[in-house]
Amino acid sequence: VQLQASGGGLVQAGGSLRLSCAAPGRIFSRCTFGWFRQAPGKERESVAAIHRSGSSTYYTDSVKGRFTVSRDNARNTVYLQMNSLKPEDTAVYYCAAKSVILTSPWPAQEEYDYWGQGTQVTVSS
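Residues numbered from 1 in each chain as written. Predicted model: local features only at pLDDT ≥ 70, side-chain atom pairs only at ≥ 80, totals over all residues. Heavy atoms only, no water.

Considering the packing of aromatic side chains
The tally for this structure, following the rule as stated, stands at 5 aromatic pairs. Plain terms: the ring middles of Y58 and W106 are 6.5 Å apart, the flat faces sit at 50° to each other, and that makes the pair tilted. Here Y58 is found in strand β6 (residues 57-59), whereas its partner W106 is found in the loop between β9 (91-99) and β10 (114-115), with 48 residues between them in sequence. With a relative accessible area of 32%, Y58 lands in the partly exposed category. Its relative accessible area of 34% is what places W106 among the partly exposed residues. A centroid spacing of 6.2 Å and a plane angle of 65° characterise the contact between Y112 and W115, whose relative ring orientation is edge-to-face. One aromatic cluster is present, formed by F36, Y112 and W115 through successive ring pairs. (Phe/Tyr/Trp six-rings, centres within 6.5 Å; stacked < 30°, edge-to-face > 60°. Helix = DSSP H or I, 4+ residues; strand = E, 2+ residues; numbered from the N terminus. Buried < 20%, exposed > 50% of the residue type's maximum accessible area, 1.4 Å probe, protein only.)

Take a look at the structure:
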């Protein structure tokens, strides 16, 4: 299963981008989705996540108040709205999905089953 991530690009500091992650319909409703990023020379880190139920979200501290994760079950798509972007947000962004039961806790990065190909986000100062 391949997730399709899109929406990256070059933006000035303070600008906005919206990333999209499309998943096959046969898995979408069963999955918790995560967004991750990897900057050059750094390890991949978790950025945000949205639970299968849609009622719970997670954000790493550095993006709280600036990024919003959401899901559209009708379109089988997860979004990451990124506002007030900073140069330190520059990275390749990945979406990932894991099939879970409704009571499952947040998956660890290594537990995600499906990954997208990554989309580059570059924020200029």
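Some remarks on the side chain of R37
Looking at the element boundaries, R37 is found in strand β4 (residues 31-38). For R37, a relative accessible area of 5% gives the class buried. Here the side chain of R37 touches S62 through a polar contact of 3.4 Å, side chain to side chain. At 2.9 Å, the side chain of R37 forms a polar contact with the side chain of Y93. Apart from residues lying up to four places away in sequence, R37 is in contact with E43, R44, E45, V47, S62, V63, F67, E88, D89, A91, V92 and Y93. (Polar contact = N/O pair within 3.5 Å; in protein donor to acceptor, adjacent residues only side chain to side chain. Contact = heavy atoms within 4.5 Å.)

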